[in-house]
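Coordinate analysis (summary)
Residue strings, one per chain:
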Amino acid sequence: MQAFLKIVGISARQQMTYRTALVAGLFTNLFFGILRASLLIALYQGETSVNGMDVGGAITYVALSQAMIAYLTIFGNTEMGRTVSDGSIASDLIKPVHFILLWLGRDLGRSLVNFVVRGLFFIGLFSLFYSLYYPLEIGRWFLFFVSLIFSWLLNFFWRMLVNLGAFWSPDIQGFARLAFGFSQLFSGFVLPLRLLPDWFSRLSNWTPFPGMMNHPMEVYLGIYSPSQLLGAFGHQLIWLFILVFLCLALFRLGIRRLVIQGG
Amino acid sequence: MIYSIKILWLLLKTQIRSQTQYRLSFLADVFTTAIFSSIYFLAFALILQRFETVAGWTLGEIAFLVGMTETSFAFMDLLFSGFDPDSFSPMVRMGSLDQFMVRPVSLTIQVLGSRLILRRMGRVLEGLAVLAFGIVTTQPDWTWLKTFYLPVVLVCQVICMGSIFMMGSTITFWTVERIEAVNILTYGGNELMSYPMNIYPRWLLFIFTYFVPFIFVNFYPTLYFLDKPDPLNFPVFAPFLTPLVAIGMALAAYWFWGYGLRHYQSTGT
């Protein structure tokens, strides 16, 4: 446990070092956020509410999803996969922490920094341009944060699953790009799932992806009825179990195939 | 000049050959790039099933806008791979640019020839497919002038976005690290030009009309091609400013690149 916390701390400090990169990322997110908000406002034009979401809700959705890009690493990365291809995984495997837990710690440290700098600061800046909704009940904030933790875990294990492919293929870049593209679309990051056709959101509910973005956003907006709320959390939990199981199983299989070239 | 072009072709040919060695893997890469790039347009097509139009534009008309900028951005991204700040900044950091400088060939040619990411062909194909969809569904009234002007606009767009890439790379002479904020103008510019620009806040429109005149690069030409009324009441020649903007941006990039080179100090690695 102590080792794990140490990893989190080191990774957070590492992320803090690149301050200009953090600020540049913040402004890039802000620019794209304004473009996305303008598009939704133009789409709503005159309509008060579409499928249970009004313009203000849609703008808040855009704000939150832009704020969570860095925290959730929604665009994905192939950092771990690269350690398999270049052999540096060897030094990670001899560390006294389970390999997946090691990466969880690294990701967590980085995400915590990003949550504050590119998340909270982003909301602060974005609210200068648009008025956002803030829930008034404590309970909803609590549910939102729980859902946000689950969505972080789902994102992490999805990314891990894609990266584990590196044990089988020397180059996973193309495959990973496609995989992360699909998760962006089906998670409701590209556009809120509620505003897409019903058949599409029904389809996406058969995948783990809505739990990575759409659920926490709609919990925040308070659109879900109590039974839907239960369904959303159930969906996140079930998929979390499945993804964790798949990652552990694939890791055990993959590690047996791993050959590290000396040198 | 002819010598330079020969060298460039030779450099690019080696890139093409090395990247197409594993044919199946290469084709798969092109294909996945095409699919990945179409995700945003696909999502937009889906959301229009609920809203039908955006600011008076139908799906086909938006497809025209998206298709134009996607095609030229992707083609620029392919052609200017060497100037991509992502790959240019390591060249400055590791000092491989110094090696280029001692060779008796123009530096610009060498940087252009240093990288050609062929899988980006996939995005060009995706852009062309979206543009074709836009043309077929909107059935523009093709006059001679329009038919002649369409390829001109596409070439101008490539030049405009390529200039931004070059300027973004030039900045790394001073900063060494790539500046992520340049993405606002490259990837962001592409996104910005994908929708009718009158939907944006006034201050943003002001910036992209008078400082970085992206508004004349895709939005106004498209208004002209599709015979749509101008919501912003610009003079009638506004759609024909594209070549001027392209020349202006190219000159600015050329000057800035030269200025950067004269002030270049190696990192010493």
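Cut-offs applied
Along each chain, the written sequence defines residue order, and numbers are assigned to residues from 1. Here every chain gets a letter starting at A, and every ligand a number starting at 1, in the order they are written. Given that this is a predicted model, residues contribute local features only at a pLDDT of at least 70 and side-chain atom pairs are listed and counted only at 80 or more, while totals for whole chains, interfaces and linings are drawn from all residues. A run of H or I in DSSP becomes a helix once it reaches four residues, and a run of E becomes a strand once it reaches two; helices and strands are each numbered from the N terminus. Radius of gyration here uses only the C-alpha atoms, and the compact-globule reference equals 2.2 Å multiplied by the residue count raised to the power 0.38. Residues are scored as being in contact if the C-beta atoms we place from backbone atoms lie within 7 Å. In this analysis an axis means a line fitted to C-alpha atoms, helices contributing only their contacting stretch, and an angle means the value between N-to-C directions, from 0 to 180 degrees. Roughly parallel covers angles under 35 degrees, roughly antiparallel covers those over 145, roughly perpendicular covers 65 to 115, and oblique covers all other angles. Helix crossings fall into two classes, left-handed where the near helix is turned counterclockwise from the far one by less than a right angle and right-handed where it is turned clockwise. Take the buried Ala, Val, Leu, Ile, Met, Phe, Trp, Tyr and Cys residues, join any whose C-beta atoms are within 7 Å, and the set you get is a nonpolar core. Buried means a residue has 20 or more other C-beta atoms within 10 Å of its own C-beta, exposed means 12 or fewer, and partly exposed covers the counts in between; C-beta atoms are placed from the backbone. Any residue that is not Ala, Val, Leu, Ile, Met, Phe, Trp, Tyr, Cys, Pro, Asp, Glu, Lys or Arg is counted as polar, Gly included; the first ten are nonpolar and the last four charged. Any helix carries an expected span of 1.5 Å times its number of residues minus one. Along the arc lie the directions from the helix axis toward the C-beta atoms. In predicted models, pLDDT denotes the confidence assigned by the predictor to each residue on a 0 to 100 scale.

As a further point, take the overall build of chain B. Scanning chain B from N- to C-terminus turns up 13 helices and zero strands. Walking chain B from its N terminus toward its C terminus, one meets helices and strands in the order α-α-α-α-α-α-α-α-α-α-α-α-α. Relative to a compact globule of 269 residues, whose C-alpha radius of gyration would be 18 Å, chain B shows 20 Å and is just as compact. The principal-axis extents of the C-alpha atoms in chain B amount to approximately 55 × 45 × 35 Å. Counted over contacts in chain B with a minimum sequence separation of 6, partners at least 24 positions apart contribute 83%.

It is worth spelling out the overall build of chain A at this point. Scanning chain A from N- to C-terminus turns up twelve helices and two strands. Moving toward the C terminus, one meets the helices and strands of chain A in the order α-α-β-β-α-α-α-α-α-α-α-α-α-α. The C-alpha atoms of chain A give a radius of gyration of 19 Å, which matches the 18 Å a tight globule of 263 residues would have. Overall size of chain A, expressed as C-alpha extent along the three principal axes, is 65 × 40 × 35 Å.

Now for the environment of T53 of chain B. In this structure, T53 of chain B sits in the loop between α2 (23–51) and α3 (59–79). Between the C-alpha atoms of T53 of chain B and T143 of chain B, which are 90 residues apart in sequence, the distance is 27 Å.

Here helix α9 (residues 173–186) of chain A crosses α2 of chain B at 15°, and the two axes come no closer than 9 Å. When the interaxial angle is binned, α9 of chain A and α2 of chain B end up roughly parallel. Considering only the axes of α9 of chain A and α2 of chain B, their crossing is left-handed. Across from G174, R177, L178, G181, Q184 and L185 of chain A in α9 of chain A, the residues of α2 of chain B making contact are A28, D29, T32, I35, F36, I39 and A43 of chain B.

Below, the discussion takes up the nonpolar core. Of all hydrophobic cores here, the largest spans 124 residues; its most connected members are L40, L154 and F157 of chain A together with I62 and C160 of chain B. Sort the elements by how many residues they give to this core and helix α8 (residues 138–164) of chain A lands first, with 13 residues. Setting aside residues no more than four positions away along its own chain, I62 of chain B makes contact with F44, V54, W57 and Y195 of chain B.

Moving on, we come to unusual backbone geometry. Trans peptide bonds make up most of the peptide bonds, and negative phi angles are found at most residues other than glycine. Positive phi is not limited to glycine here, since N51 of chain A has a value of about 50°. One non-glycine residue with positive phi stands out, namely N233 of chain B, at about 55°. Its location among the elements puts N233 of chain B in the loop between α12 (219–225) and α13 (242–262). With 7 C-beta atoms packed within 10 Å, N233 of chain B lands in the exposed category.

Quick look at the interface of chain B and chain A now. Contacts between the two partners involve 28 residues from chain B, matched on the other side by 26 residues from chain A. Sorting the residues of the side of chain B that touches chain A by element identifies α2, α9 (182–185) and α10 (187–192) of chain B as the ones contributing at least two each. It is α2 of chain B that contributes the most residues to the side of chain B that touches chain A, 13 residues altogether. Here the residues of the side of chain B that touches chain A are counted per class, giving 20 nonpolar, four polar and four charged.

Residue and element names in this part refer to chain A. Compared with the 22 Å implied by 1.5 Å per residue over 16 residues, the 23 Å span of helix α1 (residues 2–17) between its first and last C-alpha is a close match. Listing the buried residues of α1 in full gives I7, S11 and Q15. Buried residues of α1 fall within an arc of 65° about the axis and therefore sit on the same side. In this structure, α1 carries Q2, L5, R13 and T17 as exposed residues pointing more than 90 degrees from its buried face. Structurally, α1 contributes buried residues whose contacts are with α7 (99–126).

A word on the packing of α8 of chain A against helix α11 (residues 214–221) of chain A. All names here are of chain A. Contact geometry of α8 with α11 gives a least axis separation of 8 Å together with a crossing angle of 175°. One way to sum up the angle between α8 and α11 is to call them roughly antiparallel. Counting all contacts with α8, which are made through L143, F144, S147, L148 and S151, the residues of α11 involved are H215, P216, V219 and Y220. When its residues are assigned to classes, the contact of α8 with α11 shows six nonpolar, three polar and no charged.

Residue and element names in this part refer to chain A. The end-to-end C-alpha distance of helix α12 (residues 226–257) is 47 Å, a good match for the 46 Å that 32 residues give at a rise of 1.5 Å each. Residues of α12 that are buried include every one of A232, Q236, W239, L243 and C247, and no others. Where α12 is buried, its residues contact α7, α8 and α11.

Looking now at the confidence of the model for chain B. All names here are of chain B. For chain B, mean pLDDT is 91; residues scoring 70 or higher make up 99% of the total. Summarising per-element confidence for chain B, the mean pLDDT is lowest in helix α4 (residues 85–94) (82) and highest in α12 (97). For this predicted complex, the interface confidence score (ipTM) comes to 0.91, while the overall pTM stands at 0.92.

Residue and element names in this part refer to chain B. Within the secondary structure, I215 sits in the loop between α11 (202–211) and α12. I215 gets classed as buried once you count the C-beta atoms within 10 Å, which come to 24. Linking I215 and G189, residues 26 residues apart in sequence, is a C-alpha distance of 9.9 Å. Each residue touching I215, except ones within four places of it in the same chain, is listed here: M197, L205, F208, T209 and Y220.

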